[in-house]
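Structure at a glance
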Amino acid sequence: MSGSPKYHTVSSGEIRRRQAEEARRRREEQRREKERQRQAAALERAREAALARADEVARRVAAVRQEASRAGLAGDHVAENRLERAREEIRSAADRAAVGAAATVAEQVERSLVDLRQRIDAHQREQAQARVEAVAAQLAELPAGVRERYDRGGAEECDELIATARRYAGKAPAKSDVRVETAAQAVREHLDRVLARRAEDVARTTAAREAAEEVYHRFAELRADAEQARVPLPDEDGINARLRDVVTAVQQGDAARVLGALPELTRLVDRAEAALDGHIDRVIERRELLNSIISALPEAGFTVDRESFTQREDGAMALRAGSADGQQFAVLLRDGADNATEVLYTTDTMQEAAVTGDGKAGECGSLLSVIDRIGEQTRRQGFEPGTVRWDDDDDDQPPPAHSVPNARPATPRGTTR
Amino acid sequence: MTLLDVAETHPACTVLGPGSRYVVWVQGCGIGCAGCVSPQWIPVDHSRARDVAGLADDIAGRAADGLTISGGEPFAQADAVAALIAAVRERRDLSVMSYTGYTLEHLRAHGSPGQHRLLGSLDLLVDGPYLAHRQAALRWRGSANQRLHFLTGRHAGLRDAPDHSAGLQIEVAADETVRWLGVPAVAGFRQWIEDRLGLVPSDTFQREQNR
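Residues numbered from 1 in each chain as written. Chains lettered and ligands numbered in written order. Predicted model: local features only at pLDDT ≥ 70, side-chain atom pairs only at ≥ 80, totals over all residues. Heavy atoms only, no water.

A short note on helix α3 (residues 96-140) of chain A
- When the terminal C-alpha atoms of α3 of chain A are compared, their 65 Å separation across 45 residues agrees well with the 66 Å that a helix rising 1.5 Å per residue should span.
- Of the residues flanking the start of α3 of chain A, the one acting as N-cap is D95 of chain A, its side-chain oxygen 3.2 Å from the backbone nitrogen of A97 of chain A. (Helix = DSSP H or I, 4+ residues; strand = E, 2+ residues; numbered from the N terminus. Expected span 1.5 Å × (residues − 1). Polar contact = N/O pair within 3.5 Å; in protein donor to acceptor, adjacent residues only side chain to side chain.)

Structural data, given as structure tokens:
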């Protein structure tokens, strides 16, 4: 009434069939062409990829060869030749299978690099370790104790840097050069510092020792002089104590302590030397004065008892003489005021007169005559005797004129200065 | 379940009624007009009967502007068609148009209750048998004796529209089958186009192919 059934076209069907077949044929042809183009493009991509891969491997081969050369090892020339042939085959390959077959050479060559790389690494490691140990040996030329004494910070720094360089040499030899060079530089600077400081220290120690020896020898000579002159060496014990300290410091190599103590010690020795010289001068003077007195006593009727001569620690000298009638006479030479020699005289007669309390002026007059005679004699010997004073309060006494034990030579007595 | 013998359907026909319409061609016609353009749908054939409710769902879901019932003779299955329209209208208030080889007067005077219900549910009705000798290029109709009745006021605006052919809707499907919809403006159109383009009905073609 208002529509048709569904139709199939018959007369145009054959035309459309042929057209469809032609279209199909064209489509298939286009598909084949596209497939051919796709295959060609795929081949080209595969070729480019394989060549790129081969180029990459070739660069690695070249890089490894340079590393090997630097390490003194031979490169893998067989692998390089194989890779070059493979690149030619890839360029001329007609299909992807051929490209793939040639491309596998690049993989094989790359695998072959592993062995060479390991040999290079091992060689580099050995070289790096040898360089580190050379630096360590250089450091060990000076004992650690010496290095730490003169440059503790540098010693610790060197130990740390060498330990770091050792770690890199073992694990990453290619990166160890900088660490080794750093350690070597630190070792050089450290050793320079140590040697310079040690030399300076040795110089100071030597100077201190020599200065100490000079003082020591000066003091020894003073002591010998004092001993020879039979006089005490002033402040000997104090100087000895200080000298022992200095000797100990020298033995310990403590130059600072030595040099610190020497000025005061030298000053004490200088003072002792001056004092000793004064003592010795006075001793000589007293001996000469005593000799003069000794030579004057026979004129006064006295015979000198030379066995009675004594010299005290303080330099005082004493002598006894006796007259033909048995009178004893004693004389004492000692330090007086202003370093002058004071002479004390005493006789038994005067002691006895003093004990009885009478005849003082006569006894004194007798002693005075003796002193006058002695004074005359000593004046002829170049000594100028002083004025005779009478002093009974002096505690210091000449040796007793006779052998009475504990007899105290008391007043009256004469003194000249 | 109400069944309707359906020969063919189309979801978007623009030449059988106003707008774009879902068309149901029913199977079976008791009139048998000479020169009918759809003689293949004249025989009664229950093999393609469809459940009214399911078909109503499809129509309500796919129709744009309305529903057109053609055939075959819609009023030969008036109960089922009326039920279909009622079912559609339960879902959507679609415009409904129907063809019939009977005249409106005959249906009103002698129609069955079902035919009366069907008439009562239509907006447009094209009535009267197709008469080849009165073939003309008319709006939605094939011969001059056929009339277009506006049974409701839904399409009153179209009463004075030009009365000329709405043309044919020719479709080539993806399976290379061809069909045309509408009312041809000239007599013998079907034979002419079948001869000219070498068309054979698909059923016939398939049978020959299967041989």
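Things to note about the pairing of strand β1 (residues 3-13) of chain B
All names here are of chain B.
- Two strands pair when backbone bridges link them, and β1 and strand β3 (residues 49-51) are joined in this way by 3 bridges, in the antiparallel orientation. Bridge assignment links L3 to a residue of β3, and that residue is D51.
- Sheet topology places β1 next to strand β2 (residues 21-26); 5 bridges connect them, and they run antiparallel. Each bridged residue has a counterpart across the sheet, and for T9 the counterpart in β2 is V24. (Pairing = 2+ DSSP bridges.)

Quick notes on the side chain of S98 of chain B
- Within the secondary structure, S98 of chain B is located in strand β5 (residues 95-99).
- When near neighbours in sequence (up to four residues on either side) are disregarded, S98 of chain B contacts I69, P74, F75, L122, L124, L125 and V126 of chain B. (Contact = heavy atoms within 4.5 Å.)

A look at the pattern of salt bridges
- Taken as a whole and assessed by the stated rule, the structure comprises 39 salt bridges over all chains.
- We note a salt bridge from E22 of chain A to R26 of chain A, for which the minimum N-O separation is 3.5 Å. Here R26 of chain A and E22 of chain A lie together in helix α1 (residues 11-70), a separation of 4 residues that amounts to about one turn.
- Judged by its relative accessible area of 30%, E22 of chain A falls in the partly exposed class.
- Two residues, D79 of chain B and R117 of chain B, come together in a salt bridge whose shortest N-O distance is 2.9 Å. With a gap of 38 residues between them, D79 of chain B in helix α2 (residues 78-91) and R117 of chain B in helix α4 (residues 113-120) connect regions that are remote in the sequence.
- Relative accessible area serves as the criterion here: at 48%, R117 of chain B is assigned to the partly exposed category.
- Salt bridges sharing partners connect three or more residues here, namely R53, E56, R60, E107 and E110 of chain A. (Salt bridge = Lys/Arg side-chain N within 4 Å of Asp/Glu carboxyl O. Buried < 20%, exposed > 50% of the residue type's maximum accessible area, 1.4 Å probe, protein only.)

Considerations on the interface of chain B and chain A
- Listed per partner, the contact involves 32 residues of chain B and 13 residues of chain A.
- Summing both partners gives a buried area of about 2000 Å² for chain B against chain A, and 53% of it is carried by carbon and sulfur.
- The interface formed by chain B and chain A includes 0 salt bridges.
- Remark: the boundary between chain B and chain A carries 4 residue pairs in polar contact (both at pLDDT 80 or more).
- Looking at the side of chain B that touches chain A, the elements that each hand over two or more residues are β11 (177-182), α5 (189-197), β12 (199-201) and α6 (202-210) of chain B.
- When residues in the side of chain B that touches chain A are grouped by element, the largest group, 6 residues, is from β11 of chain B.
- Partitioned by chemical class, the residues of the side of chain B that touches chain A number 15 nonpolar, 10 polar and 7 charged. (Buried area = accessible area lost by both parts, 1.4 Å probe. Nonpolar A, V, L, I, M, F, W, Y, C, P; charged D, E, K, R; others polar.)

Description of the packing of aromatic side chains
- Inspection of the entire model under this criterion finds 3 aromatic pairs over all chains.
- When the ring of W25 of chain B is compared with that of W41 of chain B, the centres are 5.6 Å apart and the planes differ by 40°; the resulting orientation is tilted. In this pair, W25 of chain B sits in strand β2 while W41 of chain B sits in the loop between β2 and β3, placing the two residues 16 residues apart along the sequence.
- The buried category is assigned to W25 of chain B, whose relative accessible area is 0%.
- Their ring planes at 90° and their centres at 5.1 Å tell us that W180 of chain B and F189 of chain B sit as a pair that is edge-to-face.
- Under the relative-accessibility criterion, F189 of chain B is labelled buried at 12%.
- Taken together, the ring pairs in this structure connect W180, F189 and W192 of chain B into an aromatic cluster.
- The ring of Y168 of chain A is capped by R179 of chain A, whose NZ or CZ atom sits 4.0 Å from the centre of that ring.
- For the cation-ring pair, R139 of chain B lies above W140 of chain B, with the distance from its terminal atom to the ring centre recorded as 5.0 Å. (Phe/Tyr/Trp six-rings, centres within 6.5 Å; stacked < 30°, edge-to-face > 60°. Lys NZ or Arg CZ within 6 Å of the ring centre and 35° of its normal.)

A short note on the sheet that holds strand β4 (residues 66-70) of chain B
Residue and element names in this part refer to chain B.
- Reading across the sheet, the 7 strands line up as β3-β1-β2-β4-β5-β6-β9 and stay open at both edges, with mixed pairing between neighbours. One side of each edge strand has no neighbouring strand; the edge strands of this open sheet are β3 and β9 (147-150). Ignoring which end each strand starts from, the neighbouring axes of this sheet average 30° apart.
- Sheet topology note: the β5/strand β6 (residues 124-127) ladder contains 3 bridges and is parallel. Pairing of M97 across the sheet is with L124, part of β6. (Axes fitted to C-alpha atoms, helices over the stretch in contact; angles between N-to-C directions.)

Observations regarding unusual backbone geometry
- For the peptide bond that leads from G71 of chain B to G72 of chain B, omega is 20°, which places it in the cis range.
- Phi is positive for R230 of chain A, which is not a glycine, with a value near 55°.
- Even without a glycine there, the phi angle at W140 of chain B is positive, about 65°.
- In this fold, W140 of chain B is placed in the loop between β7 (135-138) and β8 (141-143).

Let's talk about the packing of helix α6 (residues 176-228) of chain A against helix α7 (residues 236-251) of chain A
All names here are of chain A.
- Where α6 contacts α7, the axes come no closer than 10 Å and their chain directions differ by 150°. Here α7 runs roughly antiparallel to α6, going by the angle between their axes. For the crossing formed where α6 meets α7, the hand is left-handed. Residues R209, A212, V215, Y216, F219 and R223 of α6 form the contact with α7, whose own contacting residues are E236, I239, N240, L243, V246, V247 and V250.
- Classifying every residue of the contact of α6 with α7 gives 9 nonpolar, 1 polar and 3 charged. (Parallel < 35°, antiparallel > 145°, perpendicular 65-115°, else oblique. Left-handed = near helix turned anticlockwise from the far one by under 90°.)

As for the layout of surface pockets
- The calculated volume of the largest pocket comes to roughly 250 Å³.
- Taken together, 15 residues form the lining of the largest pocket, with P5 of chain A together with Q40, W41, R48 and D203 of chain B sitting closest to its centre.
- Among the elements of the structure, β1 and α6 of chain B are those that each provide at least two residues to the lining of the largest pocket.
- It is α6 of chain B that contributes the most residues to the lining of the largest pocket, 4 residues altogether.
- A per-class count over the lining of the largest pocket returns 4 nonpolar, 4 polar and 7 charged. (1 Å grid on protein atoms, 1.4 Å probe; cavity = no way out; pocket = protein on both sides within 12 Å on 5 of 7 lines; lining within 4 Å. Points joined across faces, edges and corners; volume = space filled by probe spheres on them.)

Here we look at empty space enclosed by the protein
Residue and element names in this part refer to chain A.
- Under the counting rule described, the total for this entry stands at 2 cavities of 30 Å³ or more.
- One number sums up the size of the second largest cavity: a volume of about 30 Å³.
- Taken together, V231, P232, H279, R282, V283, R286, D314, G315 and D335 make up the lining of the second largest cavity.
- Looking at the lining of the second largest cavity residue by residue, the class counts come to 3 nonpolar, 2 polar and 4 charged.

Digging into the sheet that holds β12 of chain B
- Strands sit in the order β10(B)-β11(B)-β1(A)-β12(B) across an open sheet of 4 strands; the sheet is antiparallel. The sheet is open, and its two borders are formed by β10 (168-172) and β12 of chain B, each paired with just one other strand. Pairs of neighbouring strands in the sheet enclose a mean axial angle of 35°, with direction left out of account.
- The sheet contact formed by β10 of chain B and β11 of chain B spans 5 bridges and is antiparallel. Bridge assignment links L168 of chain B to a residue of β11 of chain B, and that residue is G182 of chain B.
- Sheet strands in contact with α5 of chain B are β1 (7-9) of chain A together with β10, β11 and β12 of chain B, and its direction is about 115° off that of β12 of chain B.

Note that every value here comes from positions in space, so none of it alone points to a role or purpose.
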